[in-house]
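Topology and contacts: notes
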Amino acid sequence: MNTPFARSTSRLPKIHLDRTLVGRLESLAADALLRSPDLGQRLMTEIGRAKLVAPRKLRDDIVTVGSKVTYCDLSTRLVHTVIICYPENVGIEIDAISVVSPVGVALLGLSAGSNISWETDNNEMLSLEVVTVKAPAT
């Protein structure tokens, strides 16, 4: 198994998670371990290293479930805008991606201006940078 989110030049960025979502995210990660062990392990690792905060203290520029995120794929320089959602809601929103997808896991907990790199199952390095984050509608 590859090292989750291996970085070659710097430390992993700090991430913050809404503590009320952790139970659901851990359940999704456990399910993912059965289908895609590396991805499930990456999500568990990210949950484990996150600073957990109360929902009202989570800054609006932190990526969470429901956030609309614009990010740049640093290898292609393509910019994408997506909504992070639970797997069962992927088909409901336009441009939605699952929190249990490689990009969803990478974005989770990051803030605008952060970047992260990780090694795929095919030993390819992927990197992205968060451009903007719009908080979920309340």
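Presented here is an overview of the structure given in this document. (Residues numbered from 1 in each chain as written. Predicted model: local features only at pLDDT ≥ 70, side-chain atom pairs only at ≥ 80, totals over all residues. Heavy atoms only, no water.)

This next bit is on the environment of Leu-74. Topologically, Leu-74 is positioned in the loop between strand S3 (68-73) and strand S4 (79-85). Judged by relative accessible area, Leu-74 falls into the partly exposed class, the value being 28%. Put simply, Leu-74 and Leu-126 are 52 residues apart on the chain and 7.7 Å apart in space, counted from C-alpha to C-alpha. Those residues within four positions of Leu-74 in sequence are excluded, and the remaining contacts are Asn-115, Ser-127, Leu-128 and Glu-129. (Helix = DSSP H or I, 4+ residues; strand = E, 2+ residues; numbered from the N terminus. Buried < 20%, exposed > 50% of the residue type's maximum accessible area, 1.4 Å probe, protein only. Contact = heavy atoms within 4.5 Å.)

The mixed open sheet is built from 5 strands, whose spatial order is S5-S4-S3-S7-S6. Looking along the sheet, the strands with just one partner apiece sit at the ends: strand S5 (96-98) and strand S6 (115-119). The sheet shows a mean angle of 40 degrees between the axes of neighbouring strands, direction not considered. Pairing of S3 with strand S7 (residues 125-134) involves 6 bridges; the strand directions are antiparallel. Note that in S7 the partner of Thr-70 across the bridge is Thr-132. (Pairing = 2+ DSSP bridges. Axes fitted to C-alpha atoms, helices over the stretch in contact; angles between N-to-C directions.)

It is worth spelling out the packing of aromatic side chains at this point. Ring pairs (aromatic) are described by centroid distance and by the angle formed between their planes. One pass over the structure, following the stated rule, counts 0 aromatic pairs. Over the ring of Tyr-86 we find Arg-24, and its NZ or CZ is 4.0 Å from the ring centre. (Phe/Tyr/Trp six-rings, centres within 6.5 Å; stacked < 30°, edge-to-face > 60°. Lys NZ or Arg CZ within 6 Å of the ring centre and 35° of its normal.)

So, about the layout of surface pockets. Each pocket or cavity is described by its volume, and for the largest pocket that value is around 210 Å³. As for the largest pocket, its lining consists of 13 residues, and the residues nearest its centre are Pro-55, Leu-58, Thr-64, Ala-135 and Pro-136. Looking at the lining of the largest pocket, its residues break down into 8 nonpolar, 2 polar and 3 charged. (1 Å grid on protein atoms, 1.4 Å probe; cavity = no way out; pocket = protein on both sides within 12 Å on 5 of 7 lines; lining within 4 Å. Points joined across faces, edges and corners; volume = space filled by probe spheres on them. Nonpolar A, V, L, I, M, F, W, Y, C, P; charged D, E, K, R; others polar.)

The subject of this paragraph is the nonpolar core. Grouped together as the largest cluster of nonpolar side chains are 32 residues, with contacts concentrated most on Ile-84, Val-99, Leu-107 and Leu-128. For this core, the secondary-structure elements that each account for two or more residues are helix H1 (22-35), helix H2 (37-49), S3, S4, helix H3 (102-107), S6 and S7. A per-element tally of this core places H1 first, with 5 residues. If we ignore the near neighbours within four places in the chain, the residues touching Leu-128 are Tyr-71, Cys-72, Leu-74, Val-103, Ala-106, Leu-107, Leu-110, Ser-114, Asn-115, Ile-116 and Trp-118. (Core = buried A, V, L, I, M, F, W, Y, C linked by side-chain atoms within 4.5 Å.)

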